[in-house]
Amino acid sequence: MELPTDGTSVCLNGTELMVYRNGDVYRKLKNGDWKAVNNTANHIGYNKVGCGGKHYKRHRIIACAYLGLDIEDTLQHIDHINGNRIDNTVDNLRIVSRQENQHNQTYAKGYCYYKSYKKWLARIKVNHKTIHIGYYTTEEEARNAYLQAKRIHHPSAPHYEK
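Overview of the structure. For clarity, every value in this text was computed on a predicted model and none was experimentally measured. Along each chain, residue indices are assigned from 1 in the same order as the chain's sequence is written. pLDDT decides what is reported in this predicted model: residues at 70 or higher carry local features, side-chain atom pairs at 80 or more are listed and counted, and totals for whole chains, interfaces and linings draw on all residues regardless. Only hydrogens and water are removed before side-chain values are computed, so all heavy atoms of the structure are retained for them.

### A word on the pattern of salt bridges
Turning to step 1, where the next piece is worked out: For this analysis, a salt bridge means a side-chain nitrogen from Lys or Arg found within 4 Å of a carboxyl oxygen belonging to Asp or Glu. Applying the stated criterion across every chain yields a total of three salt bridges.
Turning to step 2, where the next piece is worked out: For K28, the salt bridge goes to E16, with nearest N and O atoms at 4.0 Å. Note that K28 is positioned in strand β3 (residues 25-28) and E16 in strand β2 (residues 15-19), a separation of 12 residues in sequence.
Turning to step 3, where the next piece is worked out: What makes E16 partly exposed here is its relative accessible area of 30%. Put simply, DSSP H or I for four residues or longer makes a helix, DSSP E for two residues or longer makes a strand, and each gets a number counted from the N terminus. Burial classes: relative accessible area under 20% of the type maximum marks a residue as buried, over 50% as exposed, and values in between as partly exposed (1.4 Å probe, protein chains only).

Right under this line is the structure:
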């Protein structure tokens, strides 16, 4: 198989890979041929690539090739900017801390109904500390207060309006 010339070569555990900005990964076979690695999601939504008896998440391989990720550094996380774990294009990936990666949620989760006050409670976590935003009469008010606080306290996160 003839490969496009715009890829980056990566060798992991003795397995030679050719990696592309669009998220494609090819593995070099023992006979010298190249085979595309299927981009199918596992049970938690990620694609893994086997390399010499070890499995690597596809997005980490792409980030290693194009974003400078140290693939063995578990403190470096990769964020899928659009929230789609199977979209491993370089433009959809960024290196972040664990905390920044947790900010990238596709739903607002910083509010709940507080029975003893019969009100909606909004709060947000910043640097492992909970910040009380306030109590609200309606769920919508609490949600909007949380989303406003998220824009301030989690500035690196995309701001979904779902």
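That covers the picture; the talk isn't over yet.
### Looking at unusual backbone geometry
Turning to step 1, where the next piece is worked out: The backbone of K118 shows a phi angle near 55°, a positive value even though the residue is not glycine.
Turning to step 2, where the next piece is worked out: Looking at where K118 falls in the secondary structure, it is placed in the loop between β9 (111-114) and β10 (119-126).
Turning to step 3, where the next piece is worked out: Since its relative accessible area comes to 64%, K118 is described here as exposed.
Turning to step 4, where the next piece is worked out: Phi at H128 takes a positive value of approximately 65°, unusual for a residue other than glycine.
Turning to step 5, where the next piece is worked out: On the secondary structure map, H128 appears in the loop between β10 and β11 (129-136).

### Some details on the pairing of strand β1 (residues 8-12)
Turning to step 1, where the next piece is worked out: Only strands that DSSP links by at least two bridges are regarded as paired with each other. Sheet topology places β1 next to β2; five bridges connect them, and they run antiparallel. Its bridge partner being in β2, V10 is matched across the sheet by L17.
Turning to step 2, where the next piece is worked out: Linking β1 to β2, which pair antiparallel, is a turn of two residues; within it N13 sits at a positive phi near 50°.

### Some details on the packing of aromatic side chains
Turning to step 1, where the next piece is worked out: Centre distance within 6.5 Å is the pairing criterion for rings of Phe, Tyr and Trp, where only the six-membered ring of Trp is used; planes under 30 degrees apart are then read as stacked, over 60 as edge-to-face, and the remainder as tilted. Applying the stated criterion across every chain, the model contains six aromatic pairs.
Turning to step 2, where the next piece is worked out: A ring pair is formed by Y117 and Y135, whose centres lie 4.7 Å apart and whose planes are at 40°; its orientation type is tilted. One end of the pair, Y117, is in the loop between β9 and β10; the other, Y135, is in strand β11, and 18 residues separate them in sequence.
Turning to step 3, where the next piece is worked out: Look at Y135 and you get partly exposed, because its relative accessible area is 33%.
Turning to step 4, where the next piece is worked out: Linked through ring pairs, Y111, Y113 and W120 together constitute an aromatic cluster.
Turning to step 5, where the next piece is worked out: A ring has a charge above it when a Lys NZ or an Arg CZ is no more than 6 Å from the ring centre and no more than 35 degrees off the ring normal. Sitting over the ring of Y46, K57 keeps its end group 4.5 Å from the ring centre.

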